[in-house]
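Reading the structure
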Amino acid sequence: MPRPNILFLLIDCLRADAVLGQDRGAHTPTLDRLVRSGVACTQAIASASSTTPCVASLLTGTYSFVHGLRSIFGLKLNPDIPSLVESFREHGYYTAAEVSGPLFPETNLDRGFNTYNFREGAAYLSTPWGTDFRQRLQNEEFRQPWFLFLHLWELHHHRHILPAFRSRRFGRNRYERALSSLDAELARFLAVLPDNTLVVIHGDHGEHVVKTDFQYRLYRLIRDLTGRKTLKREGHEMDVSEDLVRVPLVFSMLGDGKDGQNGQNRQNGQDEIDAQAPLSLPTGKRISQLARQIDALPTALDLVGIPVPSQIHAQSLKPALLDDTQLGLEAYVEAFLRIRSDQRDQRVGWRTSEWKYVYAPHNPHLPAELYHLSDDPSEQRNLATQHPEVAQLLQRQIEDLQHGPLAATPGLIMTEAEKAEVEKRLTELGYM
């Protein structure tokens, strides 16, 4: 049996509660079906609250102080850090990426991909690009087995909502209606995929969302009148609150794995792909222990029988997915706050199953924060002064990681020409 294809579906700004929460307002039968047919990690934690650092961590299994991408502008992936995508390609996978937003090729995130197609922000699944992309898949443009990294932009501000979904029937706000609209397009997209496909559903980071249309209109009116004097309440990049770092992570198989047909089994003289038993996952299983964004690709590697590299921060979640093994993971989190990286704005945090600690390492004027999440999931009560011993312990965890065997790097800076091109694209996307 050939190894399965892998669709890594990264939906920008996708919050965990939008897919797995009890109080969901969006209409998402397609995503619901994938959750019911697979394994969902309900406490998956993103590495940051902005797209480019998150994706760099996702693709390398390392945190930003190692891979070097600490903002969405001006920096490139450390050339000495391998991409986990290279492991798929070395074991016979055709590797392809379809990306948008700030995932520009100038960041070096294209490393390891046979094809890396960057598209403009307005190219959604519902547009001619989506139609053409489905046709390319039906025409078997990618040799099987393939690893496809698909980054979707529909939920990002200003949110893309098809006319049929612009009513409260499909959500209490634009975010929920955009997700309902996207879900319908996902059904059409998934229908053209081979049965022997592992689908991984993930969000790069979450999103602060004003809950109702009325509240949002009032918020926008105040923001328009007062400008920066009013605290930003919708969006991301602002901090590492649970709304921004808790993301869905779901592993699900399409079909029963029996009908997928493998194309050529060799690429560039590489060895033939080893046969393996059809991949089978538990159905309807939810894992409540903490998981990390950096573990997503190592888990996919492990599920399809490819060795997981050892010199990374990440590890495979496969033992938890298949055997309920308690992994005891804790997560490092960051926020950078501005498009142009400024150390004074950096927030660094440590997330356990019980606590979250956050501080600003380069700004002593900002107080440290400590929240007991099981008692205070909305992070309203800062306990840093009441529990200094916990704050000190978690800060030592951060410092031990930063000074661990994976050395911190200063990062690679783009050329002036690359910066000019990226700045132009960010302006077109509304970042600048």
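Preceding this section is the structure that the text describes.
Right, let's walk through the structure included here.

Conventions and cut-offs
Residues numbered from 1 in each chain as written. Predicted model: local features only at pLDDT ≥ 70, side-chain atom pairs only at ≥ 80, totals over all residues. Heavy atoms only, no water. Helix = DSSP H or I, 4+ residues; strand = E, 2+ residues; numbered from the N terminus. Expected span 1.5 Å × (residues − 1). Buried < 20%, exposed > 50% of the residue type's maximum accessible area, 1.4 Å probe, protein only. Polar contact = N/O pair within 3.5 Å; in protein donor to acceptor, adjacent residues only side chain to side chain. Phe/Tyr/Trp six-rings, centres within 6.5 Å; stacked < 30°, edge-to-face > 60°. Lys NZ or Arg CZ within 6 Å of the ring centre and 35° of its normal. Lys, Arg positive; Asp, Glu negative; His and termini not counted. Salt bridge = Lys/Arg side-chain N within 4 Å of Asp/Glu carboxyl O. Contact = heavy atoms within 4.5 Å. Core = buried A, V, L, I, M, F, W, Y, C linked by side-chain atoms within 4.5 Å. Axes fitted to C-alpha atoms, helices over the stretch in contact; angles between N-to-C directions. Parallel < 35°, antiparallel > 145°, perpendicular 65-115°, else oblique. Nonpolar A, V, L, I, M, F, W, Y, C, P; charged D, E, K, R; others polar. Pairing = 2+ DSSP bridges.

**Some thoughts on helix α7 (residues 174-190)**
Because each turn of an α-helix spans 3.6 residues, side chains separated by three or four positions in sequence point in the same direction. The end-to-end C-alpha distance of α7, which contains 17 residues, comes to 24 Å, matching closely the 24 Å that a straight helix rising 1.5 Å per residue would cover. Summarising burial for α7: 13 of the 17 residues are buried, a large majority. Between the side-chain oxygen at the start of α7 and the backbone nitrogen of Y175 there is a gap of 3.2 Å, and the oxygen is on N173.

**Points about the packing of aromatic side chains**
For the structure on display, the rule yields 14 aromatic pairs. Ring plane angle 20° and centroid distance 5.7 Å describe the contact between F8 and F149, whose orientation is recorded as stacked. Within this pair, whereas F8 is found in strand β1 (residues 5-11), its partner F149 is found in strand β6 (residues 146-152), the two being separated by 141 residues in sequence. Note on accessibility: F8 and F149 belong to one class, buried. The interplanar angle of 80° and the centroid separation of 5.6 Å between the aromatic rings of F88 and Y93 together place this pair among those described as edge-to-face. For the pair F88 and Y93, one class covers both residues: buried. Three or more aromatic residues link up through ring pairs in this structure, and these residues are F8, F88, Y93, F113, Y116, F147 and F149. It is R119 that lies over the ring of W129; its NZ or CZ is 4.0 Å from the centre.

**Notes on the side chain of D12**
Assignment of secondary structure puts D12 in the loop between β1 and α1 (16-20). This buried residue, D12, is left without a salt bridge; R159 holds the nearest opposite charge, at 7.9 Å. Within the local environment of D12, its side chain forms a polar contact with the side chain of H151, the two groups lying 2.8 Å apart. Not counting the four nearest positions on each side in its chain, D12 is found in contact with T51, H151, L152, W153, L155, H156, D204 and H205.

**Some points on the nonpolar core**
One finds F8, F88, F147, F149 and L198 to be the most contacted residues of the largest nonpolar core, which totals 80 residues. Look past the residues within four positions of L198 in its chain and what remains in contact with it is P4, N5, I6, L7, F251, S252, M253, L279, L281 and L303. Membership of the second largest hydrophobic core comes to 43 residues, among which are A40, L152, F165 and L186.

**Here's the deal with the pattern of salt bridges**
Summed over all chains, the structure comprises 19 salt bridges. With a closest N to O distance of 2.7 Å, R136 and E98 form a salt bridge. Of this pair, R136 sits in helix α6 (residues 128-138) while E98 sits in strand β4 (residues 94-99), and the two are 38 residues apart along the sequence. You'll find R136 and E98 in the same group, each marked buried. Within this structure, E98, D132, R136 and E141 form a network of salt bridges that share partners.

**Some remarks on the side chain of R70**
Here R70 shows up in the loop between α4 (64-67) and β3 (75-76). Among buried Asp, Glu, Lys and Arg side chains, R70 stands out as unpaired, with E334 the closest opposite charge at 5.8 Å. Polar side-chain contacts of R70 include one of 3.3 Å to the backbone oxygen of F65.

**With respect to helix α2 (residues 29-36)**
Within the span of α2, buried status applies to T30, L31, D32, L34 and V35. In this fold, the buried residues of α2 make contact with α1, β2 (38-45), α7, β7 (197-203), β8 (246-254) and β9 (285-287).

**Observations concerning the packing of α6 against α7**
The N-to-C vectors of α6 and α7 enclose an angle of 25°; their axes lie 10 Å apart at closest approach. What the angle tells us is that α6 and α7 run roughly parallel. Within the contact between the two elements, α6 uses F133, R134 and L137 and α7 uses E185, R188 and F189. The class makeup of the residues in the contact of α6 with α7 is three nonpolar, no polar and three charged.

**Observations regarding the sheet that holds strand β12 (residues 347-351)**
Here we have four strands laid out as an open sheet, ordered β11-β12-β13-β14, and antiparallel in their pairing. The sheet is open, and its two borders are formed by β11 (331-335) and β14 (369-372), each paired with just one other strand. On average, each strand axis in the sheet is tilted by 15° relative to the strand beside it, whichever way the strands run. The sheet contact formed by strand β13 (residues 355-359) and β14 spans four bridges and is antiparallel. Bridge pairing in β14 places Y357 opposite L370. Sheet strands touched by helix α12 (residues 388-402): β11, β12, β13 and β14. Its angle to β13, the strand with the most contacts, is close to 70°.

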